[in-house]
Amino acid sequence: MLRVVKHVQGPFLLRNAACLSTAALPLPKTDVQPHFKKIFINNEWHDAVSGKTFPTINPSTGEKICDVAEGGKPDIDLAVKAARDAFKLGSPWRIMDASERGVLLNRLADLIERDRVYLASLETLDNGKPYQMSYFADVALTVKCLRYYAGWADKIQGKVIPIEGNHLCWTRHEPVGVCGQIIPWNFPLLMQAWKLGPALAAGNTIVMKLAEQTPLTGLYVAQLAVEAGFPAGVLNVVPGYGPTAGAALSEHMDVDKVAFTGSTEVGHLVAQAAAHSNLKRTTLELGGKSPNIVFADADIAHAVETSHFGVFFNMGQCCCAGTRIFVEGKIYDEFVERSVERAKMRNVGDPFDPNNEQGPQIDESQFKKVLEYINIGKNEGAKLLIGGNRSGDKGYFIQPTIFANVKDQMKFAREEVICKIVIVT
């Protein structure tokens, strides 16, 4: 019998920046407050077993938004037990028609759409991305993702296989079971949807570990799942740190699969924990150092704009950000000059202000890392053309930065930085 969970993921691309137009943008809730700060298990809210909390920080100011329950191994154990109980044969989730799973996913999408202004505002507060991006990209694509997988719920089919003799042979696709899911901070809502959609459509139960930098929207969606009608234990959400909650989930003996999106370094640890425990299945979506290649026959204006968008979108905090740009020699100088002029036009500041294209880096650690790599580039001999410094006097804002005359052997040309540094070669 073949056991398959459909867990398809693809790169997130905005093909047309015009979708971020403010023409139909409702006003944000600039005084938005988080409603849920605890651990979500069995459709109920709990304090951490340890009683610990951790602060989630507004990256635009560096100030605390609120304290959130810090999940650890005991909380993961409780969440996994709830997910395992919900997956038992005869449970409401296991006997539910596949089409009804699709109805629940569509209902969840409806509720997210209903609360889209609140969710977009909360995402901007907790993550720092411009509100128009949160509204038109993150929330809108979250809804589309859930609706897409809702349509798959009753279309996961097996096969009847012709064989010799008086026999019948068929395959049946079944849910894997309890899925551990660990999501990153750069697209909290959308990464949650990418994990929830396929796993729930296929009939699995879930324990999700949220990024400690951005737990607030993920916790709100957990409550929406209750409103949508998902049975208790099907979705469990634990905020916490990677070395504690994330590690406990990856190595848990009663988790059947773990899906992780994040750094290559941590991906190694997740794969090792999965192998050393019960050899659970893994899905890893890790980092990269994506190049753009611009040839002399390209439309330079278009190439400059799309390359600019490919690097600076989401403050450069994308696993597929095109941070290396290889330009054919005969148009190199013109491309660089135009890129610098475009960067000068990029407004950096308060992400709730619709005139700003760029918000802060996610936290102080990432902020310092970006500045460190800028210094590495300068010390290695790359030519800094624009930016390279902090923007403003509070929060984690960094000026749009462009380097030219970069060599392939330079450290910041080879390592993923997750930032808005353009490297033109």
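In what follows, the structure referred to is the one given above.
These figures come from a predicted structure and were not determined experimentally. (Residues numbered from 1 in each chain as written. Predicted model: local features only at pLDDT ≥ 70, side-chain atom pairs only at ≥ 80, totals over all residues. Heavy atoms only, no water.)

> Looking at this structure, I do not really get the packing of helix 3 (residues 98-114) against helix 5 (residues 131-152). What am I missing?
The angle between the axes and the distance between the axes are what describe a pair of packed helices. Viewed as axis vectors pointing N to C, helix 3 and helix 5 meet at an angle of 170°, and their least axial separation amounts to 8 Å. Considered as vectors, helix 3 and helix 5 are oriented roughly antiparallel to each other. As for how helix 3 packs across helix 5, the hand of that crossing is left-handed. Residues Gly102, Leu105, Asn106, Leu108, Ala109, Asp110, Ile112 and Glu113 of helix 3 touch helix 5, and the partners they reach there are Val139, Thr142, Val143, Leu146, Arg147, Tyr149 and Ala150. For the contact of helix 3 with helix 5, the per-class residue count stands at nine nonpolar, three polar and three charged. (Axes fitted to C-alpha atoms, helices over the stretch in contact; angles between N-to-C directions. Helix = DSSP H or I, 4+ residues; strand = E, 2+ residues; numbered from the N terminus. Parallel < 35°, antiparallel > 145°, perpendicular 65-115°, else oblique. Left-handed = near helix turned anticlockwise from the far one by under 90°. Contact = heavy atoms within 4.5 Å. Nonpolar A, V, L, I, M, F, W, Y, C, P; charged D, E, K, R; others polar.)

> Just to check I follow, could you spell out the pairing of strand 3 (residues 53-58) for this structure?
The side chains of a regular strand alternate, first on one face of the sheet and then on the other. Burial of strand 3 is one-sided: the residues Phe54, Thr56 and Asn58 facing one way are buried, the residues Thr53, Pro55 and Ile57 facing the other way are not. Where strand 3 meets strand 4 (residues 63-69), six bridges bridge the pair, whose relative direction is antiparallel. By the bridge assignment for strand 4, Asn58 is matched with Glu63. (Buried < 20%, exposed > 50% of the residue type's maximum accessible area, 1.4 Å probe, protein only. Pairing = 2+ DSSP bridges.)

> Which parts of the structure should I look at to understand the pattern of salt bridges?
A side chain with one charge may pair with a side chain of the opposite charge, provided their charged atoms come close. Per the stated rule, a full pass over the model turns up 21 salt bridges. A single salt-bridge network, built from bridges that share partners, covers Glu305, Arg342, Arg346 and Glu357. (Salt bridge = Lys/Arg side-chain N within 4 Å of Asp/Glu carboxyl O.)

> Quick question: what am I supposed to make of the pairing of strand 9 (residues 235-239) here?
Along strand 9, five of the five residues are buried, which leaves the element largely enclosed by surrounding structure. Residues Leu235, Val237 and Pro239 of strand 9 are buried on one face, and the alternating residues Asn236 and Val238, pointing to the opposite face, are buried as well. Across five bridges, strand 8 (residues 205-210) lies against strand 9 in parallel orientation. Residue pairing across strands places Val207 opposite Asn236, the latter belonging to strand 9. At this point the chain moves from strand 8, through helix 7 (residues 216-228), to the parallel strand 9, and the crossover so formed is right-handed. (Right-handed = clockwise from strand over helix to strand, strands pointing away.)

> What exactly am I supposed to notice about the packing of helix 6 (residues 188-201) against helix 7 here?
Across the interface, helix 6 lies against helix 7 with an axial gap of 8 Å and an inter-helix angle of 45°. As summarised for this structure, helix 6 and helix 7 are arranged oblique, according to the angle between their axes. Seen from above, helix 6 lies across helix 7 with right-handed handedness. In this structure, helix 6 uses Pro188, Leu189 and Gln192 to contact helix 7, whose residues at the interface are Thr217, Gly218 and Val221. Across the contact of helix 6 with helix 7, the residue classes break down as three nonpolar, three polar and no charged.

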